[in-house]
Structure formats: structure tokens, C-alpha cells
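Remarks on the overall topology
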Amino acid sequence: MKGLLLLFLASLCATAQTKQVEGQIQNQNREGLADASIVVMDSTYQRVLEMKADLEGKFELSLTAHTKYYLSASHLNFGAKELFFYSDTLKSPLILTLLPKAKELAEVNVVGRQPRLIRKLDRLEFNVQHSNLSALNTWDILKRTPLVMASGSDLMVRGSKKIMVLINDRKILLSGEELKTFLENTAGNDVQSIEVITNPPAKYEAEGSTVINIKLTKSTLYGYRGSAVALAEKSTTWKQLFGLTQYYKNEKFNLRATYNFGRGTYARYETNYVYYPKEQHSWEGKMDRFDTNNSQNTYVLSMEYTPDTSWSINMGLNGYYGPRTYGVYEVPTVIYNKDHLKESSYMTTNDHERSNKTNNLYLQVTKKFDPKWSIHWSSYFTSSQATNDQDVLTALNFKGEEPSSTRFISNNKSENQLFSTQMDITGKIQGLAVEFGGKFSAVKTISDLIFSDDESGALQHRPDKSSLFTYKERNAALYTSFNYVWKKWSWKAGLRGEYTDLEGLISEPEDINKKEYFVLFPTFYMQYTLSDQQQFGFSYGKRISRPAYSWLNPAKSYYNLFSYFQGDPRLRATIVHNLNLTWTKDSWNVDLFYRFEKWPNMEIALQDNASHQLIFQYTNIKKGQGAGIDLAKSLQLTSRWGLNLQLEGMYNENYFMGADALLHKNDVYIGNGNISSNYVLDKNAGWNLELGNTFTSPTIQGPFRITGYSSTYLTTNRKFFNKHVEVNLAFMDIFRTEKMRISSKYADQNNYFDDYRDTRKVSVTLRYHFGNQKVKSSNQPNKTEEQKRL
């Protein structure tokens, strides 16, 4: 820490060598273009300055010597000019000639290109816009993003599930199945890129070992346009999706409205096994789940207002509403003796219904005072409500007992509210980029469980098994970070401090948990540019992973008569340390990493051999750590044929206290990745084909060992009628190999379940584009910096 402080002070006090560069933006007739836009970024694509040329098209830059820069100049009705240069080799004056655009140009839409992988100083950006993956839903795109793996409804990065998911830098208060459902109903065509930030800078919340930021597209066309989409999907069951997106843009307003409606039945197949050593009996069950949800509503409303070049105001609403998901599970369980002969059995019938509603409101305001200083304020409010009602009947047929039945009903209602506001100030002092700010957030969650059973002979309310859980959490944070570029070196360092105050109240059994703590989170990044195509980098970050609010609820939520879920109100937050060493050359990306976790929180299974109960609970294990290497390479084999490779190898270990009160170690070597090949069949028709495979070897989670799986997919996409109609055909998990077994076997624990989520499917997507799909020369917009690098 002392070394970092000295670096900051030295950077603040030193006056870097600078070079003054004069220039002019002109047209083909050598006439100056007044108010031409000029954007300058450094070698890590961090924006250095943004300015306008004067009335004669002239400008002046003050640049640090021996530093690589990227400059883009643009003007209304003229094509942009891009330039990479070193400041010490650039001659002054710099003359950039912009050529006029044609009277009518089609929107930039690169057909069938591969997703672009871009290595930045502090993150990996996976650009999927206009690629084959755009035809998939956002969840399927996320599963194919480098570094990201999916285990059921959980996302993992480098063997860790401590992930915070953002959409356009805004946190969404969903996890597990809720997040999966929401992203499955978000069209992939709306996704511009996915950022995987394994060492998030100080600006971001310290929550989660990794941040995944899903960046949605913005319209770059003036006027009104839109697209309609229809999707039909067949796995074991049928599903449909219908959607409409509308855009309107003029000089000051950029409006968007999206509505998607989904319906269908969702299947999941599971077999479970528990061995009880005392009786030498095995309990084996089979559960085929079919849940119907015929009203899945996803919506996005957004408005961007830019009254002038110094102000930007964004506001909007996005959300999901599923009023009714229902199904009836019939789960036969057979009890076998030591010779595997049937001895007893029972049948569970679970009649259930769920609902979910989530809304996210946000407001963002940005003010640029001059090319060097700006302030950004953002606030958002999230509200979610969910219900989960079930009626469970168990028919018992045990050896030596008369056949009987028992029934219970549980009604669970939960509400969550989250408010957050943040202020960020960015600027530059003599070549030193400075960023500082603060954030305050408050969360309130209520979970009300009402339980009734017929243990006394008639169905009646059971206060001892019912509960009301209330949880409040307040978080205040301050941060600062510095970014400095000198010759071929780039440094970025930051420090974030977070104060957390929480209170949890449970009614049955009555309990209260109050806690407050303050933690510092340092971050550091370093990158060296060896040549135009080669870079080395190092980064360190300290993170925290707080348990989900539902994990803190100690009330028993029963799946059936012999199995329930239970949280822990005194779960500890996990402290995570991340180290990364990166190398980039041409299209190669190599990342060596190490992660250490103190008190990881996770779900585990414990079998009570005396009562024959299988308990799923969230708890802390002692520690976990992992180390490995990530490789990524894109190959353009021919002008039509490309190949993408993403591979990862790592070692992961967990130390946990077992049911026998002894410390156990669970470790594994893991290999996973994605290999995909893209071929353009007909460029003019926008017809392309992609074949890929995603795979992983066995992994671990506390006492669990999870088998590996692979998934092969094939997609093809073609456009018709002057590219107004787009048709996509996708075959997912072709060989039905996305299956896994989650097992726990140590001491007197011996249980597993096999899980398959019906991922083999065929889908057809039809998309129709209408309105202004051309860019008129009279109101040509400027492209974003991300688009210019496509």
C-alpha cells in the first residue's frame, strides 16, 4: 500500500513531457470542417479527451511524449477518419481529410462475422453484435462467452459462482432460475457485447469475485425504425417467443421500447440417490418436472436526451412479469435393501404455482465541464415480488406398516426493494487520469412462509413451521482511482472502502442478527505495450461476496416429506483475492490467474441418517483457491471461414467442515472451453453457418463433485427481401450431452442426483425489420467508439 501511495504522489507531482500538436479537419476541397468531432484514446482504449474543431476546422492537442494514441475524427455527412500513432513520431500540423458519404448508405451490419474478443486493461470484451450468436437468446450467448460456464441455472467463472450480473452497468436483483428466465426472454439481437471483468476497478461495487456486464445496443439511425421477432422452439416440449422493438432518434432524443412475450412448457429430468449406511438401504427416486408458463413478459423502455455536447440524460425501465408458472410433479421413490431388492416405497405428488415480478427504474445524468473533467450521477430503484405455493401429498408404503398418506401446504411470499445512488467524477491532471466518487444503497427484503399440515389428523396451520423473515442492509462506499500512461507503460490503481450495516429478524424461532463492518478493497493494473500487436499485463483485486438475501432465511422450505432447504442468518461474507497475468499478441489472449477465497458461502447437501432427511442448506466452508490459464485465439482461415478457440485449464480446491465435524479437502483439475467455426455461405444474401462445441471436465463445490459435460450446437442465418427479413435456424445440444451428476460422498455421506434440463432443442427465429433501415445523408449520426473498432 505504501508503494502505491508513493506512486500516486510521484505521478501527481511530476510534470510529464508533453508535445503540442496542431491540426485541421478538412473536406476533399481542402476546406475546413467547422465543429468536427475529435476523440482521442490511449493504447488501452481509455478515452483521453473529446473536443470540437473551431470554425475553420482547426484543433490543438497536448499529448504525452512517447505514448501510443488512437484518434478518430468525424463530421456530419462525412465518413470518419481513424489514426493510430505515437506522439513522438507525429508531425505537426496534422491534416485529416474526410470524404463525403454517399447520399444513402445501408446501416453497418457485418454479415456472419465472428464474435470479437477485445482485451482491455481491466476487462475482456466479447462483442457479439451482428454475429451468428445474435440470433440466440441472451442466456445462450452468455453460456458461450469466454471464461463463462453455466452449471444448471448457475453461472461460473474460473470455478467460482460469486458473480455480479449488470445490464448496461446497472445491477439486476435476480439470481439463479429468475436470472436464467429473464435472460432467456431477452433477445440476443439486443446485445452489443458482454464484458467479463475478473478484477473490477474501484468504481464498481466490491460485490462478487467477477462482474459480468451485458451491454445492450443503441440505435445509430435517425428517424423511426423497428423490428418484430417470432421464435418457435422444440425440445421435449414447445416454446414460443414474440417480440417488438421500436426506436426513434433525432438530434437530441434517442428512444427505445421493447416488449417480448414468451410462453411454453419447461422440462427438467432428475434422478436422486441417498444411501443410509446404518440400515444399508438406498433411497432412489425419479422426478420429471414439467412447468408451464404461458405469460412471460419482458419489457424495456429507455430515453436518452442530449441537449448539447456537454449534457447527457438517460432514464428508463426494464422488467419481467410472470404471473403464473404451474405444474404437478409425481415423484416415485423406491427403498432398496443391501441386496438391492425393493423393500418399501413412497409417492410424492407436488402441485405448485409460482409468480414473479421485477421492475428496475434508473436515471443517469452526465455533465462534461471541459474535455478533461466530467461528473456522472446515477440512481436506480429495483422492486421484486414473488410467490411460491405448493400442495404436497405423500403416499407411504413402508415395510411392516399399513399404507398411509400425509399432506402439507406451504405458501411463501417474498418482496425485495433496492435503492442505490452513485456519484462519479473523472478528470485529468497533467497526464494523470483521476476518478473518484461515492455510493449509497439500501436493501429491504421480507419473506413470509405460512405452513399447514395434517400431522394432527386434519389440515391446520403450524406456527412452529411458519415464519416471517425481515432483512435490511445499508451500504456506503467511497472510492478513488488513478490511471497513468508513460511511453509504453499503462498503470491503473484504486482503493474502495465499503461500510455495511445489516439487520435480520426471524419470527420462528425468534432471533435477531445485527452486524456492521468496514472493508478496504485495493485494485492495481499494469500493462506494457511491447509492440503494436503485443501487450503484457498484471492485475490484482480484492473483492467481497455477500450471500443472497434468501440464503439468510433460516425457515425450512420443504420440497417433500423427507427433504427441505434451509438458509443461515449468520452466513459470513466471502473475501476474495484475484491475481492475473495477461499476454496479448495479434488475436492471441493468454491469462494466468490465481484466486483465494476466505469463508466461501455456497449450497451443500447433508443427509441426516437418523431421520432420513436430505437437507439442502447454504453455509460457509473454510476456504477455497484455484489457479490456471485461459487461452483465446481467433483464426481467419480464409476470407469466408473463421475459427474461434477459447480454452481454460485450472486447479481448484475447497476445504470444508463435514457432517462428521472434521475438515475435508475436495480438489480437482478442470479443463473447459469453446471451439466454434463460422463459414459465410453467401455474403450477399447474408447466409452463414456456425458449428461449435462447449465443454467442461468435472468440477467441485464444497463437498460436491460435479461431472463434466459437453454441448454441440449448429446455427445458420440468412436474410431475404433486401435484408428486411432474417431467418435463423439453431440446433442446440445436438447429442443431448448437457447432463451432470452432483454427488457428495465422504464419511457417512453418500448421495447424488442426476440432472438434465432439456437443453437439446431446435429453434426457428423469424425477424422482420421495418421503418428507416437506411441512414439518410441529411442527418448522419456519429458512430460510437465501440462500433468504430468492429
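Here, every reference points to the structure presented above.
An account of the accompanying structure is given in this report. (Residues numbered from 1 in each chain as written. Predicted model: local features only at pLDDT ≥ 70, side-chain atom pairs only at ≥ 80, totals over all residues. Heavy atoms only, no water.)

Details of the overall build of the protein
The number of helices and strands found in the protein is four helices and 48 strands. Relative to the compact-globule value of 28 Å for 790 residues, the protein shows a C-alpha radius of gyration of 28 Å, a close match. C-alpha atoms of the protein, sized along the principal axes, occupy 100 × 65 × 45 Å. Looking at the protein residue by residue over its 790 residues, the buried ones come to 55%. Accessible area of the protein: about 34,500 Å², with a carbon and sulfur share of 57%. Charged side chains in the protein number 94 positive and 82 negative. The centres of these two groups are separated by 7 Å. (Helix = DSSP H or I, 4+ residues; strand = E, 2+ residues; numbered from the N terminus. Rg over C-alpha atoms; globule rule 2.2 N^0.38 Å. Buried < 20%, exposed > 50% of the residue type's maximum accessible area, 1.4 Å probe, protein only. Areas by Shrake-Rupley, 256 points an atom, 1.4 Å probe, with all protein chains shown as cover. Lys, Arg positive; Asp, Glu negative; His and termini not counted. Charge placed at Lys NZ, Arg CZ, Asp CG, Glu CD.)

Some words on the sheet that holds strand E16 (residues 210-216)
What the six strands build is an open sheet, ordered E9-E10-E15-E16-E13-E14; its pairing is mixed. If you trace the sheet from one side to the other, it starts and ends with strand E9 (116-119) and strand E14 (170-171), each paired once. As judged from the six bridges shared by strand E15 (residues 191-197) and E16, these two strands associate in the antiparallel manner. Residue pairing in the sheet places Val191 in a bridge with Leu216 of E16. (Pairing = 2+ DSSP bridges.)

Points about the side chain of His352
Along the chain, His352 falls in strand E22 (residues 342-368). Within the local environment of His352, its side chain forms a polar contact with the side chain of Asp291, the two groups lying 2.7 Å apart. Side chain to side chain, His352 and Asn350 meet in a polar contact 3.1 Å long. Excluding residues within four positions of it along the chain, His352 makes contact with Asp291, Thr325, Tyr326, Gly327, Val328, Tyr329, Asp389 and Gln390. (Polar contact = N/O pair within 3.5 Å; in protein donor to acceptor, adjacent residues only side chain to side chain. Contact = heavy atoms within 4.5 Å.)

What to know about a nonpolar patch on the surface
On the surface, Leu637, Trp641, Tyr679, Leu681, Trp687 and Leu689 cluster together into a nonpolar patch covering about 500 Å² of accessible area. At the level of secondary structure, the elements contributing two or more residues to the nonpolar patch comprise strand E39 (663-682) and strand E40 (687-696). The exposure class assigned to Leu681 is partly exposed, which follows from its relative accessible area of 35%. (Patch = residues over 30% accessible without salt bridge, like charges linked within 9 Å, V, L, I, M, F, W, Y side chains within 5 Å. Salt bridge = Lys/Arg side-chain N within 4 Å of Asp/Glu carboxyl O.)

Let's talk about the sheet that holds strand E31 (residues 557-560)
Reading across from one edge, E31-E32-E36-E35 is the order of the four strands in this open sheet, with mixed pairing throughout. Sheet topology places E31 and strand E35 (601-608) at the edges, where each strand pairs with a single neighbour. With strand direction ignored, the average angle separating the axes of adjacent strands in the sheet is 20 degrees. Note that E35 and strand E36 (residues 613-620) share eight bridges and pair antiparallel. When the bridges of E36 are listed, Ala605 appears paired with Phe616. (Axes fitted to C-alpha atoms, helices over the stretch in contact; angles between N-to-C directions.)

Some details on the pairing of strand E38 (residues 641-657)
The side chains of a regular strand alternate, residue by residue, between the two faces of the sheet. In this structure, strand E37 (residues 623-636) lies alongside E38, joined through 14 bridges in antiparallel fashion. Directly across from Asp630, in E38, lies its bridge partner Glu648. Counting the residues between successive antiparallel strands, the hairpin from E37 to E38 contains four residues. The sheet contact formed by E38 and E39 spans 17 bridges and is antiparallel. Residue pairing across strands places Trp641 opposite Tyr679, the latter belonging to E39. The turn joining E38 and E39, which pair antiparallel and follow one another in sequence, is formed by five residues; a positive phi near 65 degrees is taken by Ala661.

As for the side chain of Glu270
Tracing the sequence through the fold places Glu270 in strand E19 (residues 253-276). You can call Glu270 buried: its relative accessible area is 10%. Here Arg289 takes part through its side chain, which lies 2.9 Å from a polar atom of the side chain of Glu270. Dropping the residues within four chain positions of it, Glu270 is found in contact with Gly285, Lys286, Met287, Asp288, Arg289, Phe753 and Asp754.

Considering the packing of aromatic side chains
Per the counting criterion, the structure on display carries 27 aromatic pairs. Arranged with centres 6.4 Å apart and planes meeting at 20 degrees, the rings of Tyr269 and Tyr756 form a pair that is stacked. Remark: Tyr756 occurs in strand E46 (residues 749-756) and Tyr269 occurs in strand E19; sequence separation between them is 487 residues. Ring centres of Phe408 and Phe451 lie 5.3 Å apart, and the angle between their planes is 20 degrees; on these two criteria the pair is classed as stacked. Here Phe408 is found in strand E24 (residues 404-429), whereas its partner Phe451 is found in strand E25 (residues 432-453), with 43 residues between them in sequence. (Phe/Tyr/Trp six-rings, centres within 6.5 Å; stacked < 30°, edge-to-face > 60°.)

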